[in-house]
Amino acid sequence: MERAVSALQAVRSAYKPKLPKVFSTHGSKVKASVGESTSSISDQDQIKALFPNTYGLPVISFEAAAEGESAAIKVGVILSGGQAPGGHNVIAGLYDGLKNLNNNSELYGFLRGPSGLIDNEYVVFTNDFINEYRNTGGFDIIGSGRTKLETEEQFDKVITNCKSLGITALVVIGGDDSNTNACMLAEYCMKKESGIRVIGCPKTIDGDLKNDWIEASFGFDTATKVYAELIGNIQRDANSAKKYWHFIKLMGRSASHIALECALKTRPNITLISEEVAEKKMTLKEVVVEIAEVVKRRAEAGKDFGVVLVPEGLIEFIPEMKKLISELNDLLASETQYFETLSNIDKVQFVNSRLSDDTSKAFSSLPATLQLQLLADRDPHGNVQVSRIETEKLLIDMVDDVVSEWKVKGQFKGKFSGLNHFFGYEGRCAAPSNFDADYCYSLGFNAAALINSGTSGYLSSVRNLTKPVEQWVAGGIPLTMMMNLERRHGKDTPVIKKALVELHGKPYHELAYNRKKWADEEAYVYPGPIQYFGPSEVCDSTTETIKLERS
Ligand code: FBP
């Protein structure tokens, strides 16, 4: 049965993503220019010892055509972790890049993320198959998963599966954790002389996989455009009805890049930045009072409405909550089986009896629904699933309590009526913006060029992103270069460093500088929906974050 598609999808599928000049001129058969050898961002000796084969590799860039023929190869690809707009275009770019090298090359897509690679479940891509997914959102082409690929037993299975299929290179499309695992796999494959190379691609709407060489992770541009459209619509409603305070939680597991980018695009009255809350060591009560003061000030000006952006990860950045979550993580990890047999009431009692005095107080001060959300299942990395914690509702309740208290004392004369929203899944599978369509396609095409140049343990890197696509710079960054040691499960572990919001950076300064004005006025900006066709300034510009960071 033919699948029905929307008018936009039908027209959009014909869009030909743009490529950096080196590829639009020479195709994917390009010569690698090799720079100086590199080192990790910190803990050099320990990381070198852990990655003897992939440490110190040079940065690579592609500037000219390569000589000679490229042999046909078989390559495998996985999507790992949360969905991000543009994943299908990475696969399309990789497919086209491989076919451009040699039309007999083949691309295998392993199903449902790392688990498909371990269990040897795959599809082989064809032109018709790929064409159906060009420029579409989602990861449904092969599915994704959060299985952690990290043990030698898993690596051995991957090698066996690849060898049985004749695959000599793997592309891992994932975030910081998935690419850390990709680096471990690359190292193991080299140590075992398996002949299998591993290349990563920087994915995550959270925007926290970036550094001097990786200017942005893909999906951040599209997802923030979708959220900003919705926030703009809510602002217009708030300013029309003039009777609600909208509290909008925005995805982003840890870093507040999404909230910050949306704030720069839409100028709401209040934007919380988790990194700032942590830096100032603010208590939950202090965060609440700060919001309540703006509510009060606006009420005094006759404005009982406004919009507040809340980053998803906020709860983990409030010091007392961070300590509570860390104690809960340890407790749940050590008592998993017993804990699962308990009723909700018993779970709360059990936890309360085991927490230290301070944290038990913090835990008891929370509403019962939030307590249970904090006790819910951890993700495979042992993290609290912050997307399920209703921080926005908690803040509304607490602000309500504060202003009610002020009211009794005659210090607040307005009205406070809070509405909650959570924007996350609305943006993760949106059809990629022109920027993400081009960027993702280029990342995939570039991965094919990296494979052809014989490299392993690299992250596909396309830079100079604030310039027109022709001027983008293609190449590869050694994964070990982005690593540091972090304490995980009581052990120093090499991981790619997560980029949090930089409090000395220009995007945050822009918010901090305008904060008072945006709080008191209705400086709202209404970005409207993503546009795929039309004037370039409407369709092709990327994020405020990258513009400010690279200005
Ligand atoms: P990745 O880092 O894997 O790209 O996922 C990011 C994210 O979208 C977070 O913003 C969010 O907290 C999380 O995934 C939710 O994941 P899930 O839907 O699997 O619970």
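For the structure, check the block above.
Residues numbered from 1 in each chain as written. Predicted model: local features only at pLDDT ≥ 70, side-chain atom pairs only at ≥ 80, totals over all residues. Heavy atoms only, no water.

1. What about the packing of helix α7 (residues 152–165) against helix α8 (residues 176–191)?
Interhelical geometry of α7 versus α8 gives an angle of 65° and a closest axis separation of 10 Å. Relative to α8, α7 is oriented roughly perpendicular. Where α7 crosses over α8, the two elements pack in a sense that is right-handed. Between α7 and α8, the contacting residues are Glu-152, Phe-155, Asp-156, Val-158 and Ile-159 on the first element and Asn-181, Met-184, Leu-185, Tyr-188, Cys-189 and Lys-191 on the second. Among the residues making up the contact of α7 with α8, the classes are represented as seven nonpolar, one polar and three charged. (Axes fitted to C-alpha atoms, helices over the stretch in contact; angles between N-to-C directions. Helix = DSSP H or I, 4+ residues; strand = E, 2+ residues; numbered from the N terminus. Parallel < 35°, antiparallel > 145°, perpendicular 65-115°, else oblique. Left-handed = near helix turned anticlockwise from the far one by under 90°. Contact = heavy atoms within 4.5 Å. Nonpolar A, V, L, I, M, F, W, Y, C, P; charged D, E, K, R; others polar.)

2. Focus: the site of the ligand
By nearness alone, 15 residues border the ligand, and Gly-82, Arg-146, Asp-206, Glu-312 and Tyr-425 come closest of all. For the ligand, an oxygen atom lies 2.9 Å from a polar atom in the side chain of Arg-146. Coverage of the ligand by the protein amounts to 83% of the 490 Å² it exposes when considered alone. Class assignment of the residues belonging to the shell around the ligand gives a composition of three nonpolar, six polar and six charged. (Near = heavy atom within 4 Å. Polar contact = N/O pair within 3.5 Å; in protein donor to acceptor, adjacent residues only side chain to side chain. Areas by Shrake-Rupley, 256 points an atom, 1.4 Å probe, with all protein chains shown as cover.)

3. Here's the deal with the nonpolar core
Judged by nonpolar contacts, the single largest core of 80 residues is most densely connected at Ile-91, Val-171, Tyr-227 and Leu-250. For this core, the element with the most residues is helix α21 (residues 434–452), which contributes eleven residues. Those residues within four positions of Leu-250 in sequence are excluded, and the remaining contacts are Tyr-227, Ile-231, Ile-258, Ala-259, Cys-262, Leu-309, Val-310, Pro-311, Glu-312, Phe-422 and Phe-423. If you look at the next biggest cluster of nonpolar residues, it comprises 51 residues, including Leu-328, Leu-355, Val-399 and Val-402. (Core = buried A, V, L, I, M, F, W, Y, C linked by side-chain atoms within 4.5 Å. Buried < 20%, exposed > 50% of the residue type's maximum accessible area, 1.4 Å probe, protein only.)

4. Concerning the packing of aromatic side chains
Scanning the model with the defined rule gives 15 aromatic pairs in all. Here the aromatic rings of Phe-435 and Trp-472 are separated by 5.8 Å at their centres, their planes lie at 65°, and the arrangement is edge-to-face. Taken together, the residues Phe-435 in helix α21 and Trp-472 in the loop between β13 (458–463) and β14 (473–478) connect sequence positions 37 residues apart. Taken together, the ring pairs connect Phe-23, Phe-62, Tyr-441 and Phe-445 into an aromatic cluster. Over the ring of Tyr-15 we find Arg-12; its NZ or CZ atom is 4.3 Å from the centre of that ring. Across from the ring centre of Phe-305, 4.9 Å away, lies the NZ or CZ of Arg-298, which sits over that ring. (Phe/Tyr/Trp six-rings, centres within 6.5 Å; stacked < 30°, edge-to-face > 60°. Lys NZ or Arg CZ within 6 Å of the ring centre and 35° of its normal.)

5. Some details on the packing of helix α14 (residues 319–334) against helix α17 (residues 357–364)
Each pair of packed helices can be summarised by the angle the axes make with each other and by the distance between the axes. Close contact between α14 and α17 brings their axes to 9 Å; oriented N to C, the two are set at 105°. What the angle tells us is that α14 and α17 run roughly perpendicular. Where α14 approaches α17, its residues Glu-320, Met-321, Lys-323, Leu-324, Glu-327 and Leu-328 are matched on the opposing element by Asp-358, Thr-359, Ala-362 and Phe-363. Split by residue class, the contact of α14 with α17 holds five nonpolar, one polar and four charged.

6. Looking at unusual backbone geometry
Unlike most non-glycine residues, Glu-193 shows phi in positive territory, near 50°. Given a relative accessible area of 71%, Glu-193 falls into the exposed group. The backbone phi angle of Lys-242 is positive, close to 55°, even though this residue is not glycine. With respect to the secondary-structure elements, Lys-242 resides in the loop between α9 (220–241) and β9 (245–250).

7. Notes on the pairing of strand β7 (residues 169–174)
Counted residue by residue, β7 has six buried out of six residues, so it is predominantly covered. Covered by surrounding structure in β7 are Ala-169, Val-171 and Ile-173 together with Leu-170, Val-172 and Gly-174, the residues of both alternating faces. With five bridges connecting them, strand β3 (residues 74–80) and β7 associate as parallel partners. Within β7, the position partnered with Leu-79 by the bridge is Ile-173. What joins β7 to strand β8 (residues 197–202) is α8, and the crossover it makes is right-handed. (Pairing = 2+ DSSP bridges. Right-handed = clockwise from strand over helix to strand, strands pointing away.)

8. Describing helix α22 (residues 506–520)
Residues spaced three or four apart along an α-helix point in a common direction, a consequence of the helix completing one turn every 3.6 residues. The first and last C-alpha atoms of α22 sit 22 Å apart over 15 residues, in line with the 21 Å expected at 1.5 Å per residue. Of all the bends in α22, the greatest measures close to 55° and is centred on Asn-514. Looking at the packing, one finds that the buried side of α22 touches α10 (257–266), β10 (270–271), α11 (274–279), α12 (284–300) and α24 (544–549). (Expected span 1.5 Å × (residues − 1). Bend = angle between axes of the 7 residues up to and from the residue.)

9. Describing the side chain of Gln-154
Relative to the helices and strands, Gln-154 is located in helix α7. Here the side chain of Gln-154 touches Lys-148 through a polar contact of 3.0 Å, landing on its backbone oxygen.

10. Some remarks on the pattern of salt bridges
Applying the stated criterion to the full structure yields 26 salt bridges. With its nearest N and O atoms 2.8 Å apart, the salt bridge here joins Arg-134 to Asp-96. On the criterion of sequence distance, the pair formed by Arg-134 in the loop between α6 (127–131) and β6 (144–145) and Asp-96 in helix α4 (residues 87–101) is long-range, its members being 38 residues apart. Look at Asp-96 and you get buried, because its relative accessible area is 18%. Lys-409 is paired through a salt bridge with Glu-405; the nearest N and O atoms lie 3.6 Å apart. Judged by its relative accessible area of 43%, Glu-405 is partly exposed. The structure contains a network of salt bridges with shared partners spanning Asp-176, Asp-208 and Lys-498. (Salt bridge = Lys/Arg side-chain N within 4 Å of Asp/Glu carboxyl O.)

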